[in-house]
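So the chains spell out like this:
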Amino acid sequence: MPDIALETFEKVDLKDALVLVAFPTTGSASSIAAHYLLRHLDLPLIGHLITPEMAGIMAVQDGRATSALRIFGGETKCRLDKGCPRIYLVVTELALPPMVSLRVADAILQWAKAGGAHLVLSLEGVVRGEGDTTPDVFCASANAEVLKELKRTGVPAMERALIGGVTSHIVLIGPARGLRTGALLVEASRDHPDGRAAAALIEALARVMPDVPIDAKPLMKEALELDDQIKRTQQAAQATVAAGVPSQFI
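Overview of the structure. Quick caveat, the model's predicted, so the values are computed rather than measured. Throughout, residues of each chain are indexed from 1 in the direction in which the sequence is written. Per-residue local features of the predicted model are confined to residues with pLDDT of at least 70, and side-chain atom pairs are confined, for both listing and counting, to 80 or more; whole-chain, interface and lining totals are unaffected and use all residues. Note that water and hydrogens are dropped before the side-chain values are worked out from all heavy atoms of the structure.

1. Quick notes on the overall build of the protein
- Secondary structure elements follow DSSP: runs of H or I of four or more residues count as helices, runs of E of two or more count as strands, with numbering from the N terminus. The number of helices and strands found in the protein is six helices and 10 strands.
- Residue contacts follow a heavy-atom distance rule, with two residues in contact if any of their heavy atoms lie within 4.5 Å. Across the protein, the fraction of contacts at a sequence separation of at least 24, relative to all contacts at a separation of at least 6, is 75%.
- In the form shown here, the protein has an accessible surface area of approximately 12,300 Å², with 54% of it arising from carbon and sulfur atoms. Reported accessibility uses the Shrake-Rupley method at a 1.4 Å probe radius. Residues are deemed covered only where the shown protein chains occlude them.

2. Brief notes about the pattern of salt bridges
- Only one rule defines a salt bridge in this text: a Lys or Arg side-chain nitrogen within 4 Å of an Asp or Glu carboxyl oxygen. Scanning the model with the defined rule gives six salt bridges in all.
- In this structure, Arg180 and Glu149 form a salt bridge, with 2.6 Å as the shortest nitrogen-oxygen distance. Note that Arg180 is positioned in the loop between helix 4 (165-176) and strand 10 (181-188) and Glu149 in helix 3 (residues 144-152), a separation of 31 residues in sequence. The same class applies to Arg180 and to Glu149, which are both buried. Here's how the labels work: a residue is buried when its accessible area is under 20% of the maximum for its type, exposed when over 50%, partly exposed in between, all with a 1.4 Å probe on protein chains only.

3. Brief notes about the side chain of Ser101
- The residue Ser101 is located in helix 2 (residues 98-115) in this model.
- Among the polar contacts made by the side chain of Ser101, one reaches the main-chain carbonyl oxygen of Pro98 at a distance of 2.7 Å. We define a polar contact as two N or O atoms separated by no more than 3.5 Å, with the added condition that, inside protein, one atom must be a possible hydrogen donor and the other a possible acceptor, whereas residues neighbouring each other in sequence contribute only through side-chain atom pairs.

4. Observations regarding the packing of aromatic side chains
- The criterion for an aromatic pair is that two Phe, Tyr or Trp rings (for Trp, the six-membered ring) have centres within 6.5 Å, with stacked assigned to planes under 30 degrees apart, edge-to-face to planes over 60 apart and tilted to the rest. Overall, the coordinates contain one aromatic pair when judged by the stated rule.
- Consider the rings of Tyr88 and Trp111, whose centres lie 6.0 Å apart with planes at 75 degrees: the pair is edge-to-face. One end of the pair, Tyr88, is in strand 7 (residues 86-91); the other, Trp111, is in helix 2, with 23 residues separating them in the sequence. Each of the two residues, Tyr88 as well as Trp111, counts as buried.

5. Thoughts on the sheet that holds strand 1 (residues 5-8)
- When DSSP finds two or more bridges between two strands, those strands count as paired. Here we have eight strands laid out as an open sheet, ordered 1-3-6-7-2-8-10-9, and mixed in their pairing. Of all the strands in the sheet, the pair left with one neighbour each is strand 1 and strand 9 (137-140). Pairwise comparison of adjacent strand axes, ignoring direction, gives a mean angle of 20 degrees for this sheet.
- Looking at chain direction, strand 2 (residues 18-22) and strand 8 (residues 119-127) are connected through five bridges and run parallel. If you follow Val21 over to strand 8, its bridge partner there is Ser122.
- Orientation is described by axes fitted as lines to C-alpha atoms, over the contacting stretch for helices, and by angles from 0 to 180 degrees between their N-to-C directions. Helix-sheet contacts for helix 2 involve strand 1, strand 2, strand 3 (45-50), strand 6 (69-75), strand 7, strand 8 and strand 10, and the interaxial angle to strand 2 is about 170 degrees.

6. Focus: the packing of helix 1 (residues 29-41) against helix 5 (residues 195-208)
- Contact geometry for helix 1 and helix 5: axes closest at 8 Å, N-to-C directions at 55 degrees. As judged from the angle between their axes, helix 1 and helix 5 are oblique. The interaxial crossing formed by helix 1 with helix 5 has right-handed handedness. Contacts from Ala29, Ser30, Ile32, Ala33, Tyr36 and Leu37 of helix 1 reach helix 5 at Gly195, Ala197, Ala198, Leu201, Ile202 and Leu205.
- Under this grouping Gly is polar, as are all residues other than the nonpolar Ala, Val, Leu, Ile, Met, Phe, Trp, Tyr, Cys and Pro and the charged Asp, Glu, Lys and Arg. Of the residues contributing to the contact of helix 1 with helix 5, the split by class is 10 nonpolar, two polar and no charged. Should an angle fall under 35 degrees it is called roughly parallel, over 145 degrees roughly antiparallel, and 65 to 115 degrees roughly perpendicular, with every other angle called oblique. Helix crossings are classified by the rotation of the near helix relative to the far one: an anticlockwise turn of less than a right angle makes the crossing left-handed, while a clockwise turn makes it right-handed.

7. A short note on the pairing of strand 6
- Burial of strand 6 is extensive: six of the seven residues sit out of reach of the surface.
- Bridging between strand 3 and strand 6 involves four bridges; their strand directions are antiparallel. Opposite Leu49, over in strand 6, you have Leu69 as the bridge partner.
- Of the strand pairs in this sheet, strand 6 and strand 7 are connected by six bridges, and their pairing is antiparallel. When the bridges of strand 7 are listed, Arg70 appears paired with Val91.

8. As for the pairing of strand 10
- With eight of eight residues buried, strand 10 is to be regarded as a mostly interior element.
- Of the two faces of strand 10, both are covered, the one formed by Thr181, Ala183, Leu185 and Glu187 as well as the one formed by Gly182, Leu184, Val186 and Ala188.
- Two strands pair when backbone bridges link them, and strand 8 and strand 10 are joined in this way by eight bridges, in the parallel orientation. The residue bridging Leu123 from the neighbouring strand is Leu184, located in strand 10.

9. Quick word on the packing of helix 2 against helix 4
- Axis separation between helix 2 and helix 4 bottoms out at 9 Å; the angle between their running directions is 40 degrees. For the element pair helix 2 / helix 4, the angle class is oblique. In terms of crossing hand, the pair formed by helix 2 and helix 4 is right-handed. Taking contact as the criterion, the partners of Ser101, Leu102, Ala105, Asp106 and Leu109 in helix 2 are, on helix 4, Gly165, Val166, His169, Ile170, Ile173 and Gly174.
- For the contact of helix 2 with helix 4, a count of residues per class yields six nonpolar, four polar and one charged.

Read these as spatial facts, not as claims about activity.
Below is the structure:
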């Protein structure tokens, strides 16, 4: 397969940095959380990844055309288990084909390894059980030391789950490449964008990165408004169906 090109628009210093990876997963929780971080921390666009399979789609931000696979980041003191002077965030809103997602994950790992990143952390959503209204957050890592460090922040370890795609590749392949990698896993709704889960993910990140001024309250407010809107729409749809009106008119 053709190579994936990772292009940066300026000099990037990955030494001891935290690299967050947020691709669309269950409930879009990781994507919502990522965009909140971008706004809240004012992280600039610094690069993108170009893959032939996705070359037919571009993103535009402030007039600049890039790949839909974008990299943001810069100086933000984030103190993990040691000094962390910078945060970089790799995001996309597109669901990538499985083989493309694995090649993209591999390109991210190579970039992080070459630059001396301290930790690569993937943000992931898992399906929340029916009737469960609390989006709990868990951690996972193939590296015992990273898992211990994440648990020390108050984020419990995930007892059992099956995770695929970018997160599994990053968490499993990273240590074999000499990288410290892990994941934060949030329980999210499979049926709609889950702002509550995104807010829970932000709160967990605030514990993992205690020096970063992250406030999940504004996101929670947005989440509650979104949930109320969804509930009203669902109730209206159910009432209309019960009245015998064809679904195309809902």
